[in-house]
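Structural overview for review
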Amino acid sequence: MKAVLPGKPEASLQAVSTGYWDGKRIIVYITGNALSILSDPGTILHTIYDDDPRRLEAVAFDESSGKIAACTAEAVRIYRPLGHAHDSLKWALQATFDIEKGPTPATLSWGSSEELLIGRCSLWLYDTTPTPPTCHWKRELASPARSALLSYDSSYIASIGYHDRLVKIWRRLNFGSEEVHFEYGYLPHPRAVTSIQWRKPFHVDQTIENVLYSFCADNTLRVWTTADGVSSHMLQLWGKLDLQKAIPQDPKSHRQNLRWAFIISQRDLANATEKVVQEQGNGQEKEDVALQYLLSIANRDTEICVVFDGNGSMSAWALEDVSSNPRGANNIDNVAFVKSNDFEFLRYSATTSHVEILSYCNKCSGHLHILFHHFDGKIEVFESNIADLLDPTSRPGRLTHRATWSGHSGPIKKIVRNFSAHAIVSRTEKGETVLWNHQRGRLLRHNIISEKRHIHRISLLRGGRSPVHELLGECRYNIRATVTSEQRGIVWEIRLPLGSSNTNGATKNGYENPIQEFCTFELEGAGDLAYVLPADPAGSTPVISGFLDVFARDVAVSYTHSGRVEFWTARVDANQNQVEWLSTSSMETGVSEPALVSGSTMKKAALVNQNRSSVTIWDIRGARLEYEQDFESHNTVQDLDWTSTPDMQSILAVGFPYRVVLLSQMRFDYLNKGPAWAPIREISIREFTPHPIGDSTWLSDGNLIIGAGNQLFLYDREFEDTSALVTSVRTTHHKPKHQDLFEVVQKLNGPLPVFHPQFLSQCILAGKHRLVKRILLALNYTLKYHVEGDTIDAYLGLDLAEFYNDKFSTSGANSTDSSYITRQASFDDHDEAFTEELALSICEKLQSIPLPQLSGHEQIQLVDIVECAGVVEKQRRSLDENGARFMVFFRQHALRKGRVNEIHMSWREINWAYHSTSQDILTDFVCRSYHGTMLWENARESGIFMWLTDANAVRAQFEVIARNEYTRSEAKNPVDCSLFYFALKKKAVLQGLWRMATWNREQAATQRLLANNFEDPKWKTTALKNAYALLSKRRFTYAAAFFLLADHLQDAVNVCLNQIKDLQLAIAIARVYEGDTGIVLKRLLEHEVLAVASQEGNRWLASWAFWMLKRRDMAVRALITPVFTLLDTPASPDLKAKLFLTDDPALIVLYSQLRQKSLQTLRGASKVTPRIEWDFVIHNAGLYDRMGCDLLGLDLVRNWEFFRLPTPAQGFGGDIVDPTKLLRRRSSLIVQDMPLTPVIPGDMKTGGHAVKPPATVFQEPDANSLLDSFGF
């Protein structure tokens, strides 16, 4: 925590009290109906809120017991310390008792043995040791007491009334008995007494001679001591000091009679001197003249009276050897008179009615502290080296400002910031409004706004110098606008006073009508508006271009009751007195009746659901959901605030009743399905205050201000590492103790080093195998010559052009051997090939050398991917690009299986294998990975029956699965493999297996049943009955087998989908049972698979399904457009379909590959408009940027090939007659696969086949085009 504003101090004489107890300084003061308890200028220990709404009048702290007494007009409360709980000191209510009401505030004072004196119209002496406290003395007074103080040993009471020139002294006659008796006398003064105080003992338990200091309206300090003999007055005058003459008259001063004075006790003087000596040390104190002077003063049993005049002058007087010996006139000496700018702060207090000054010095732990309690609502805390303060020579820096304690006197309800976040305005429920400036990490009170009427809204103008009530939004020309739920709005023009540099007095004081209506408008197309809010400023400083377009800065965000969020920009036309509005982006979130919405100028929006338990974060520009978190119902979300780092990375503060959680955006991670946002810091205020948070907002430079009760807590960017909530924040192996918020967010975002596992994975997906090998060879070279402490370059010394120059980055370089690097390595003089052995060598080095840019988990992932790259390199000559992609990620999946929750390969990897021409190698690789005993769970994990295209290979592998399922257990139960053999229509094999299952009690019945002819309808019915019986017994897999025996494939598929919940099993048995052209498979793909793809927004699954349906044009379009737009009856997309994980930059890789594969895919690509393709490319470049792979995004936008769109000869269906004309480069190997008839009824929204396509016949390409495709 940077700073705390503990609340506005009450303007009363006894609002502040301090003492030293249990080795700790305690400062307690009244703020409203609460007590703020601090231990030093920046550390708040506890805040006590009184249930009684009445304001507190006085507070007193007892140094001997640590108890705090506080009183309202009618009641006194005693709080006792609870001791140290988790290094935090707390107080709890011990007792409450009533006192008589009176016309004046009560006064409180502690004595010895936990005795408490209460004064008003009477004096009451209470013993607070028992509960409830007992009153053992009471006396009525002739006039109400202004101050009544019990001496530290409880022997005397000194009391004064209002405007009273007599100090009444009560001397105690007895101790210990139940009845206490006092006798009294008077100390006369020439004018009214303004203040009295008893001398502090050196130690709490020390018995000292009682000395009373009285300050009088005649600007004189009088010192009273006990008399030697019996006297009617009991105290006698020891000496006096004329405060007026203590500082010579300044003829320039506009207030010559004002003086402020306070006493530095002997205890504080000794502690402060000891601190100075400790700091000086090494025998240098003899050379320090100021220190020697101080020691000569402190060694003489001295107390010091310090006098200020408010104009920069200070005078200090030593009261030496104050005792019963009445020789004070000779023992009051001037020890310092100085003029310094440090003492001019009181000049600005001329308008205040009163300033109270207290001082303290902690034993051996700090210098002298001086507290100035200004009755305008603040306490200023200064620290001073006592030697510098009393140094008679001219020197600067006598006082150092430590803190200004201020705040509110009631619970804060709302905090509003200006655009630059250098000023805020806070207001309470009762309308107390304060304007604050944020400067150099401090929050300074700028102004108090006196507005008695109820304030609905506040907006800040001119950097906070001009607050405006009841207005909303921010625009040019000092314009403010409000919008109603009927989409209508009013714009006001605000004519502010001119700056101080203008000398024209008439215009300087403002206009005759400073606020007037500028225009009205309608916000068309905004929908059923629930609210319109100003957009939170985030990102770079806006530049107003004057253009009304989507690049202009957003000024407002609106949301509807149905959850539609929309960003708006506006342009003011001063000539025509109108404001033009433009929607820059919008999306339907599906969050109905949101309780809270907050949008930033970076097009991010956070929504809280109706019951305030769930937070979702949306990228409105990208139309995607990035974060969803459901908090417990008792954790209601109260507030949302946006800010951003200088690198434009967003941070969201989510406010709860007693804590604020900071969420940081993170790099997208599609391979590990990592979160896009994570909590990185939690700020809890429970240890400081029991009051819930009223509001919070961001200030400039990453500072967060939290208002809770009367108090404001200012948090800067620095926080301890232990308070980090997400493990990925700890990105380095050597963690600093303190972390900077912006630096942590920067580590979680921004460009990745080229050896980061995510960057390497994306390079592999993009087909940049040559670049991957360059990076790994460079990494090997770096690690080989690495010395501990060396910095490792994020780019490993590689030329950045290699990442985006097509001839370097793709594996399609002019080379017939893709296993060797064609370009000479700058880091090695020898041609070194990347091999499996080299990969293992790199892995060994990575296990012993920590890379500073990677966390431990990321380095393990890097080892995995290097090993996988080595395994694939061994097969590289035989593999195509897609096969290599699948093999790398399948191997990586196998290595990480125990560390992640992924149960099977994603549909992305299945697509790579499906479009591979090396499926026999992949099949062999997968089988060997499972040691030749692949079971169905392994087949589902690898997705083998989804990506195998050869029907014979599908059946062969399915039979292998059947055999392995049968032999998986020692018992060899035929039930385990029945589904697979029935799908293969190999009933005879199953009969043979049942003959050997003599141990199975179902053997005889099953053998008799299987011996029948199931072509006969009678036995089909029997098989069906058995299937339904097995369903009732929840033997679902066996039931599906009997449905196949009854030739009811559709029912078997339904059991797999609904009961077994295994989509892959349903597809596999449909493919095996009736082939890839079967009606059941077609129906399954259309009604189930595509429905799931639409609901989840899974474009990989949709593309695969369309390709299986022989609709290759749709398969291409599914990669680039939302799936639900391609279906006649799409399933309604759920929240998951809007998640950022449905995007994937690898989609564009597959799209660029498939679109030129056949006539159908060219036809599908032709239906993608240039605008959609352009947006898709830019969108994916943005995804690369968010993933930290900026170089790949640059490569994408630099090398992407758009289709040429000449003026086409259109057919009736809107198709281009010759799709090959779309390509920039010639291609002779495009498969001519246009179907003669539509495959899917209604053509699935792709346009009809009105023009009959040409017959599919092989056309021999000419020699030139063949040579061209081989690079000659």
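Below you will find a few notes about this structure. For clarity, every value in this text was computed on a predicted model and none was experimentally measured.

Thresholds applied
Residues numbered from 1 in each chain as written. Predicted model: local features only at pLDDT ≥ 70, side-chain atom pairs only at ≥ 80, totals over all residues. Heavy atoms only, no water. Helix = DSSP H or I, 4+ residues; strand = E, 2+ residues; numbered from the N terminus. Buried < 20%, exposed > 50% of the residue type's maximum accessible area, 1.4 Å probe, protein only. Contact = heavy atoms within 4.5 Å. Pairing = 2+ DSSP bridges. Axes fitted to C-alpha atoms, helices over the stretch in contact; angles between N-to-C directions. Phe/Tyr/Trp six-rings, centres within 6.5 Å; stacked < 30°, edge-to-face > 60°. Lys NZ or Arg CZ within 6 Å of the ring centre and 35° of its normal. Expected span 1.5 Å × (residues − 1). Patch = residues over 30% accessible without salt bridge, like charges linked within 9 Å, V, L, I, M, F, W, Y side chains within 5 Å. Areas by Shrake-Rupley, 256 points an atom, 1.4 Å probe, with all protein chains shown as cover. Salt bridge = Lys/Arg side-chain N within 4 Å of Asp/Glu carboxyl O.

Let us look at the environment of Leu779. When you line up the elements, Leu779 lands in helix 8 (residues 769–784). Look at Leu779 and you get buried, because its relative accessible area is 0%. Residues Leu779 and Gly797, 18 residues apart in the sequence, show an inter-C-alpha distance of 9.6 Å. Beyond its immediate stretch of four places on either side in the chain, Leu779 contacts Phe755, Leu796, Ile842 and Leu862.

Attention shifts here to the pairing of strand 27 (residues 368–374). Along any regular strand, the residues point their side chains to alternate faces of the sheet. Most of strand 27 is tucked away: 7 of the 7 residues are buried. Burial along strand 27 is two-sided: Leu368, Ile370, Phe372 and His374 and His369, Leu371 and His373, pointing in opposite directions, are all buried. Where strand 26 (residues 355–360) meets strand 27, 6 bridges bridge the pair, whose relative direction is antiparallel. Looking across to strand 27, one finds that Tyr360 is bridged to His369. Sheet topology places strand 27 next to strand 28 (residues 378–384); 7 bridges connect them, and they run antiparallel. Paired with Ile370 across the strands is Phe382, a residue of strand 28. Here strand 27 folds back onto strand 28 in antiparallel fashion, the turn holding 3 residues, of which Gly377 has a positive phi close to 110 degrees.

A few words on the sheet that holds strand 32 (residues 433–439). Strands sit in the order 30-31-32-33 across an open sheet of 4 strands; the sheet is antiparallel. Each of the sheet's edge strands pairs with one partner strand only, and the pair in question is strand 30 (412–417) and strand 33 (442–449). Each neighbouring strand pair of the sheet contributes to a mean axis angle of 25 degrees, computed without reference to strand direction. Of the strand pairs in this sheet, strand 32 and strand 33 are connected by 7 bridges, and their pairing is antiparallel. Across the sheet, His438 pairs through a bridge with Leu443, a residue of strand 33.

With that out of the way, let us pick up unusual backbone geometry. Omega for the peptide link from Thr131 to Pro132 comes to 0 degrees, which places this bond in the cis form. Here Pro132 shows up in the loop between strand 12 (122–127) and strand 13 (134–140). Within the chain, Asp1047 stands out as a residue other than glycine whose phi angle is a positive 65 degrees. Of note, Asp1047 is situated in the loop between helix 23 (1036–1045) and helix 24 (1049–1058). What makes Asp1047 partly exposed here is its relative accessible area of 42%.

Another point: the packing of aromatic side chains. The full count for this structure, using the stated rule, is 38 aromatic pairs. A centroid spacing of 5.1 Å and a plane angle of 75 degrees characterise the contact between Tyr1038 and Phe1042, whose relative ring orientation is edge-to-face. Residue Tyr1038 and its partner Phe1042 are located together in helix 23, separated by 4 residues, close to a single helical turn. A single burial state applies to Tyr1038 and to Phe1042, both of which are buried. Feature note: the residues Trp137, Trp170, Phe182, Tyr184 and Tyr186 constitute an aromatic cluster, connected by ring pairs. Sitting over the ring of Phe656, Arg659 keeps its end group 4.3 Å from the ring centre. In this structure, Lys985 packs its charged tip against the face of Tyr1073, placed 4.5 Å from the ring centre.

Our focus in this paragraph is helix 12 (residues 856–874). Taking 1.5 Å per residue, 19 residues should reach 27 Å; helix 12 reaches 28 Å between its end C-alpha atoms and fits that length. Burial runs high along helix 12: 14 of the 19 residues are buried.

The residue Ser918 is located in the loop between helix 14 (907–914) and helix 15 (919–929) in this model. Placed 35 residues apart in sequence, Ser918 and Gly883 show a C-alpha to C-alpha distance of 6.0 Å. Beyond its immediate chain neighbours, meaning those up to four positions away, Ser918 contacts Ser878, Leu879 and Asp880.

Among the surface-exposed residues, Trp1174, Ile1178, Leu1194 and Val1197 lie close enough to one another that they form a single nonpolar patch of about 350 Å² accessible area. When residues of the nonpolar patch are traced back to their parent elements, those giving at least two are helix 31 (1170–1187) and helix 32 (1190–1199). Structurally, Ile1178 is set in helix 31. Since its relative accessible area comes to 40%, Ile1178 is described here as partly exposed.

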